[in-house]
Amino acid sequence: MCHGSKVFAQWEGSPYDPAIPVLTEAQIDELPSRLALSEAQRATVREILAEHARQSQLLHERLTALREEYRSLAAKVRSQGADDLRSGDGVARQGALVMRRILDQVDEIHGLAEKSRSLIAETLSTEQREAFEQILIERRRVCTLARGVRFSGEGVDVTEVVKQCDLSPAAVSEMSGILEVYVSQLDELLVRRNRMEIGRERAQYEHLIGRGLGEIESETAEGVAALKQLPPHATHEQVLAVVASVNAAAHRRQMESVRAEEPLVAIHRRIRDLNRETIDLLASRLPADDGREIANRFLSDAYPRVYAPLQIDGWVDKVLMLELTNRQREGIANAISGYYDPVCTRLNEELRVLIDREEQSWMDARLNRLDPMIRTRQTEIIEQRRAAQVYLRELVWPMLSEQQQSEVGYPEVSSH
């Protein structure tokens, strides 16, 4: 039986999460205008959403009670010092049955949401249904794109990147056709990815339920059973042979599990690639400055570990807001452009490439065969970036007067 605090933790990053709304709050507010609803249609939609909210609240209350029951059973297992992997005993069986009811409850919540969306669609004209379908596509992108991502940039919504950039109306118009194609292709991939992710997650829970009911034997139990089959005076070589056989069987199962994920991982990778390809295409169609802005914003969202502002950056911004002499301003600008920016640009690019290498080697990572030098070099780069921040601080600090130093303070620089 798994610990209650962990067994459902992955819901928060999964398309199976029962907290995913029937529609986003913004979409509900915009429905009347976006669908041009008549007064009668508005009243019907309000009734559908009100009834959905009432039933959804009841279902979520039952789900909360069931999860608390499961946590209590898990706490009981721990308090008794029992083996979490034991199957078929009283507490484990109870936990498995509660987990089954939890899954049924989650399915009912998702089913209610689908039913409510279908009821709304039934009130609409053909033209309105086409507009509503676009709202559902938008909901799927907003609510699930960033869930369960495996590759940097996979969870970035390119349409949001465009909105965040300060682009001219002409530039936005130039991109509209590209974005329409992107939204359509992305949705097809999201439907497939979400379906496969939910199936994978359900299979994991079904395995846990089978273990709890004693229908599936754990690897530990299989190993113990195999050792018990040995004669009373088994030789050391015989014991080692059994252990090797058990380990080989476990390795085969692990390989089968990893290979079974390959089609799903391929879809995750394709979403990442679609995002990159679309950004590249958009950047190539825009003026140089706009193209750089959209490409850089995508990189910042795709690789927050790499491109998030460093501690020294905010401090330098405060320094530049001071009343500086021309000599001070020139000296600080030279320190930044002549040393800090080139060093960080080179280190950030290398770190991004290493992250891509690590993600592309997902199978090796799952099998604990990832080249350790990848992680080692990432750590080295992070330390070198810290050293670059310290060096910039030591260049700029003496350029400031005591009054200016007191205004901005002496910045601390950590490894992050």
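Just so it is clear, the structure is predicted and the values come from calculations on it, not from any experiment.

Rules of the game
Residues numbered from 1 in each chain as written. Predicted model: local features only at pLDDT ≥ 70, side-chain atom pairs only at ≥ 80, totals over all residues. Heavy atoms only, no water. Core = buried A, V, L, I, M, F, W, Y, C linked by side-chain atoms within 4.5 Å. Buried < 20%, exposed > 50% of the residue type's maximum accessible area, 1.4 Å probe, protein only. Helix = DSSP H or I, 4+ residues; strand = E, 2+ residues; numbered from the N terminus. Contact = heavy atoms within 4.5 Å. Phe/Tyr/Trp six-rings, centres within 6.5 Å; stacked < 30°, edge-to-face > 60°. Lys NZ or Arg CZ within 6 Å of the ring centre and 35° of its normal. Salt bridge = Lys/Arg side-chain N within 4 Å of Asp/Glu carboxyl O.

### Focus: the nonpolar core
Logical step 1: By size, the foremost hydrophobic cluster in this structure holds 54 residues, and its most contacted members are Met175, Leu282, Ile294, Trp315, Leu392 and Leu400.
Logical step 2: In terms of residue count, the dominant contributor to this core is helix 14 (residues 326–360) (10 residues).
Logical step 3: Among all residues touching Met175, those that are not within four sequence positions of it are Val162, Leu167, Leu282, Leu286 and Ile294.
Logical step 4: Among the nonpolar cores identified, the runner-up in size contains 19 residues, and Val91, Ala96, Met99 and Leu213 belong to it.

### Some words on the packing of aromatic side chains
Logical step 1: Counted according to the given criterion, the structure contains four aromatic pairs.
Logical step 2: Each residue in the set Trp315, Trp397 and Tyr410 is aromatic and connected to the rest through ring pairs, giving one cluster.
Logical step 3: Here the guanidinium or amino end of Arg352 rests over the ring plane of Tyr303, the centre of that ring lying 5.9 Å away.

### A short note on the pattern of salt bridges
Oppositely charged side chains are able to pair whenever their charged atoms sit close together.
Logical step 1: Under the defined criterion, the tally for this structure stands at 28 salt bridges.
Logical step 2: Glu206 serves as the salt-bridge partner of Arg202, at 3.0 Å between the closest nitrogen and oxygen. Residue Arg202 and its partner Glu206 are located together in helix 7 (residues 169–212), separated by four residues, close to a single helical turn.
Logical step 3: Residue Glu206 is classed as partly exposed on the basis of its relative accessible area of 27%.
Logical step 4: Of the charged contacts, one joins Arg375 and Glu358 as a salt bridge, the two residues approaching to 2.4 Å between their closest N and O atoms. Of the two residues, Arg375 is situated in helix 16 (residues 372–396) and Glu358 in helix 14; the sequence distance between them amounts to 17 residues.

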